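Tertiary structure, described
Okay, here's what each chain looks like letter by letter:
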Amino acid sequence: MKSLIVLVLLSLAAFSQAEGVVDNEESLYVVEGRIYSAEGENSNGWQRETRILVNGGEYLGFLKQDGSFIVSNLPSGSYTLEVANPNYYYEPLRVEISNKGKFRARKLNHLQPSVVNLVAYPLKMKSLGKIRYFQQREQWRITDFLFSPMVLMMVLPLLLIMVLPKMMNDPETKKEMEQLNNMTKYELPDVSEVVANLFSDREEPKQKSKASKKRQ
Amino acid sequence: MESTPGQRQHQQSVQTRLFYRENSQLYGSTAGAEIATRNQHHNIIPALKSSSIVGSGKSELRDESHRSIGFAVLCGPACGSRIVVVGGPLIGLIAGMALTVASGPVSKSSDMCSKGYYILWTLFFLQFFTCVSCLFEDQIGKFDWRQRYIGKIRFAAFDAVSGTRKILVATEQNVLAALHPKSGNILWQQVLEKDESVQHMHVGKELVSVSGGPRVHVRAWDKTNGLLAWEWSLSQQQSARARWAVDKGRLYHVVPLDGQLEVSAFSLESGFDLGSRRLAAPWTAGGAYDCVLVGATVVCVTQHSFYWTSLADGGAFAEVPLASFDLTPAAVPVLSGVGELAFSLRLPGKQTVFLMGDKGPRAIHEASATASLLATPFDSNIMFKLENKPDSSALQVSAVSLNTGVEVDEYSSTLILGSKFSPCTLTAAICIKDECAAVLSGDDHTISFVNIPGQITWTREEALASIISTEIIDLPVSDLDAAIESEFGSKQAGIVGMVMRRLTSQVMQIKVLAQTVLGLVQPASSSGPSRASLIRDTFGLHKMIVAVTSAGKAFGIDNLRGELIWQIQLPRFAPLHVGKSPVVPLYVLRTTSHVPFTPLCAILGKDRLTGEGLAVAFEPIKGLVLSSDALGYKVQQVMQLPHPDDEFLRGLVVLDDQLKVHAYPPESKANAIKQAASLYMFTTWPAKGTFAGFSFAHSTKQDLVATKVWELQLPDGPDREVVAVVGKNPTERVNSQGRVLADRSVMYKYINPNLIAIISQVSDSSHKYILNMYLVDGVSGAVVHSATHKRARAPVNVVHSENWLVYSYFNEKMRRTELASFELYEGKSRSNTTAFSSKSNSVRPLVEQQAYIFPSTVDTMKETITEKGITSKHLIMALPNGNILELPWMFVDPRRPTVQTGEMRDEGVIPYTPELPIPPDAIINYNQTVNRVRGIHTAPSGLESTCLVLVYGLDLFYIRVAPSKAFDLLKDDFDHFLIAAVLLGLVIASYVTKKLAARKARNQAWK
């Protein structure tokens, strides 16, 4: 477990309450933290594009040059805190402020809200990476081209037409082929015979096939 | 879930008020207890799966192998109850039953959802997101555009000190921005809190903004890049007469109290409270006074005297009688600040400018009461005066020397605005050397920049930041097609005339064909918004967006590039209100398809001055106002006639607040009376919680008469609030009438076009808030279904389409947003195969329901719509972080099973996961943030696959989406080259092989 730093911050509102400007109002607190950009400290513009949304925009926080922010005027309670940046993803958090002004931050878990996974407070938030909005286009590659069905369709018949007759002309392969043909003839029953048997009487086929085998 | 006695009692009261119970078996506490026990057995998933709850009572629908297929009969005829019907023959059947959908305990972790298991599910389920809608990087800006707006100016100032000159503005929409003085483009902008407003802006070393209330934010912004420099906050009493001022590193806040003025001072940068003083001001007691801060001096006026004092040292008020300036006003004058040193005193008829000196105010100039005055900062000592001249549609700008009070002729100029004229005020002015410039803010929310002397160099149409209703309209066909259309359109012409017309149109066709072949005529280009290019295209993707704003202005926008084509001023037009939200009913009375007749749109609103109804009819392609009629009554409800008349005009039927019926335009009354027998209207009184249905069957031949046939009164609860009333899109078509189950049987959808979803919220002592949802048939008043969410509250966003309903709400117990999803089915047989009738339909639909966790809040949502309804439906959701998410409806399908069976897989239903994902490639606006979305409008295109989406709020965003992928269009990256190469290759190969074969045959023959 990380050690939890609990800071009790008296907001300025509370201060002014002490001065007696506002009466009978619950004290308000300030959540503070800092965002670390993935682009580096010196890059500009990301601070402006980033906003802190508490409870989906009910309260807002804006970033200073160094990435630090405060969200003020929060009564005690439980809040979701998310970082809205169009380019980088940050993990949303839940920040709880107790009645006594104690702060606790934990990872946001909608599924099991009671699971406490504490995060250090004041918040230090680092980007979890660039958001990838776009699908990668397929790159053109020579292998894709060659193995595409259309190319195969064109090349294979060519092969069949051009190469096979050549092979047939070769005397050795001719012999081999003949041998192969003989082998296959020997092992396989005649297809036409089998089909013919199928359509003839039911009892006969067995005998006939036996007979044919005997004949062979 | 503990059901305390209090809660039970409340539930009971809800039901007894609403229903007369006949069979209490499934009601009230029984159902609640049922839920409670169930929730203890299962964990996360059953807590959200409410279908199991329903199924527990009567799950009658089983397939042949006696396995429950997930449908539950909500209420058989036995438990149908009746409701008292007001004044009509129809009996509203109620089959309502309160069901708790969500808010179960989801806290305990158990074996079922150990983390690994969950991740596995999620992974499984993400594979369904196989890029249905995502974009490729090279498609940026191809189908979409975004326009950024800031709203109407509240404060503006020139920044001439820092590097680049810019205009700093704070607007009524609570936005701070810097505009480029040459082009008006936004250099930077900061969108502050949503429902607050900027109270003060001060430009010094930094831009200081004071916004909000009663909790006030004081923030300082870097002028060049818009970054926050420092911020602090304080709580203050709210008062319309409170004033803020910044002077010498201090922030002053002046609040009038009873007989006193309280001045609080703060250190500007740290917010340190420097104490407050109360100045005795007995003349404020009656409230008949006005105050203004001029620099660090507070100046007040009553009917008799001026009072002033310095904020810094704070002595007592000094007094000068008004009579010493020869002023004897009849009423309290109005004060307004004129720059840092001067102020003006406005009386009926004239206004006097006073310069504030050490010895008190000194009158220097007199101007007309309507003139807008502003002194430039620094030492130029010039005050600009702007006078509106509506007669000549012009603005008269002149300058007055503050030293002498005499007009300086060299700076006077007349700005002629023509039809775009709207009264303007000066908001910022500056003079550097001899060049002056000013920023004007129009009543129609425009921001204009003027060089003085000179003309307006640019104008920003900020009314587009407050769009209320929009419509996407087909463009008209080309003249040639129109000629062909008109051939069939007219009936008077005889045979000879028809033949002549046919011949001429054919000659025209040949001519156009010849011209295109010879390349004499360029095909209508999409580059310019010229009138000639506003012609319907082949795929129906080019359309016209009509947008009506709350600023009393309507716009026509080209949907392809986002150019403004036309704008019309509606100076007296103000939106109607339903509850707090403004609405402007916008109807297309006649579409662009009926060529000899002009297309026609109508908007209904109220007169800004009298509050009575105002209807404006306009032509939507060219933007011409055809008529603007004061209706003479207040509009309660409006409805469009289902069938057009002989001139293809579908008029409106308007119900006024006295429940009298009117037709608009008046000539469509005959058509309305013709259809009256089958015409029904539904209306609500959200404040009273009353809903009523009207029939027009009792109309006579001369008059339309509305008879109330049913009324539904929501039970009174503490802080009862009707949060949403949503019907279905009348243009929607449902292609598939049923859903094919795994065993090849068909489950028929309950498609009732008259179904209306009503969601109300009540606060409760034990649950804090309870949301109730009722599905009501708008014709018969029958409550088809109802559900209750305990410890749930608004914001509620509803999407109601086809046979399903999805809405988002906030679950208070779990502190998260959830989506509840309902689906209605008739069963395995259809009650009526030809047309649906609310009157004859006695089928109680089977209801599937489920809830899902949504990992963000939802600003607004809408379903996609396509021409024939074949394409699957997606939800377009606007999230508060500025993203627009396209979520397939399949993800919120209430039939998603907790346990994946083979059957469900065959059907293509994804297994249930409690939390929905927000995958980044389903965000259709990629990194173009759309701020403060208020509405989404979807419209079909000519292509079945494609839906046009317009998102409006502070910004405008348009995109077209293809929910089932672009199945009827070639892909963007379709490889024409490869196809051509392969074909060519095949042709060549066949020729070559033919030659080779011939040669071989010849050689063989010679052997």
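Up top you'll find the structure we're talking about.
Residues numbered from 1 in each chain as written. Chains lettered and ligands numbered in written order. Predicted model: local features only at pLDDT ≥ 70, side-chain atom pairs only at ≥ 80, totals over all residues. Heavy atoms only, no water.

Glancing now at the packing of aromatic side chains. Enumeration over the complete set of coordinates arrives at 27 aromatic pairs over all chains. Ring plane angle 70° and centroid distance 6.2 Å describe the contact between Trp283(B) and Tyr289(B), whose orientation is recorded as edge-to-face. Assigned by exposure class, Trp283(B) and Tyr289(B) land together as buried. Ring pairs connect the aromatic residues Trp283(B), Tyr289(B), Tyr307(B) and Phe317(B), which therefore count as one cluster. The cationic tip of Lys126(A) hangs over the ring face of Tyr36(A); the distance from NZ or CZ to the ring centre is 5.0 Å. Positioned over the ring face of Tyr289(B) is Arg241(B), at 4.3 Å from the centre of the ring. (Phe/Tyr/Trp six-rings, centres within 6.5 Å; stacked < 30°, edge-to-face > 60°. Buried < 20%, exposed > 50% of the residue type's maximum accessible area, 1.4 Å probe, protein only. Lys NZ or Arg CZ within 6 Å of the ring centre and 35° of its normal.)

Moving on, we get to the sheet that holds strand 22 (residues 342-347) of chain B. Residue and element names in this part refer to chain B. Strand order across the open sheet formed by 4 strands is 21-22-23-24, with antiparallel pairing between neighbours. Whereas interior strands pair on both sides, the edge strands pair on one side only; in this sheet they are strand 21 (334-338) and strand 24 (360-368). Taking each pair of neighbouring strands and ignoring which way they run, the sheet shows an average axis angle of 30°. Where strand 22 and strand 23 (residues 350-357) come together, 6 bridges link them in antiparallel fashion. Following the sheet pairing, Arg-346 is matched in strand 23 by Gln-351. (Pairing = 2+ DSSP bridges. Helix = DSSP H or I, 4+ residues; strand = E, 2+ residues; numbered from the N terminus. Axes fitted to C-alpha atoms, helices over the stretch in contact; angles between N-to-C directions.)

Here a disulfide denotes a covalent bond joining the sulfur atom of one cysteine to the sulfur atom of another. Residue and element names in this part refer to chain B. Counted by the stated rule, this structure contains 2 disulfides over all chains. Here Cys-291 connects covalently by a disulfide to Cys-300, the sulfurs 1.9 Å from one another. Measuring the twist about the S-S bond at about 100°, one finds the Cys-291-Cys-300 disulfide to be right-handed. You can call Cys-300 buried: its relative accessible area is 0%. Just so you know, Cys-424 is unpaired, no disulfide at all, and the nearest cysteine sulfur is the one on Cys-436, 18 Å from it. (Disulfide = S-S within 2.5 Å.)

Next up on the list: the environment of Ile140(B). If you trace the backbone, Ile140(B) turns up in the loop between strand 3 (135-136) and strand 4 (145-147). The exposure class assigned to Ile140(B) is partly exposed, which follows from its relative accessible area of 43%. Ile140(B) sits 786 residues away from Tyr926(B) along the chain, and the two C-alpha atoms are 8.8 Å apart. Leaving out residues up to four positions away in the same chain, Ile140(B) has contacts with Phe134(A) and Tyr926(B). (Contact = heavy atoms within 4.5 Å.)

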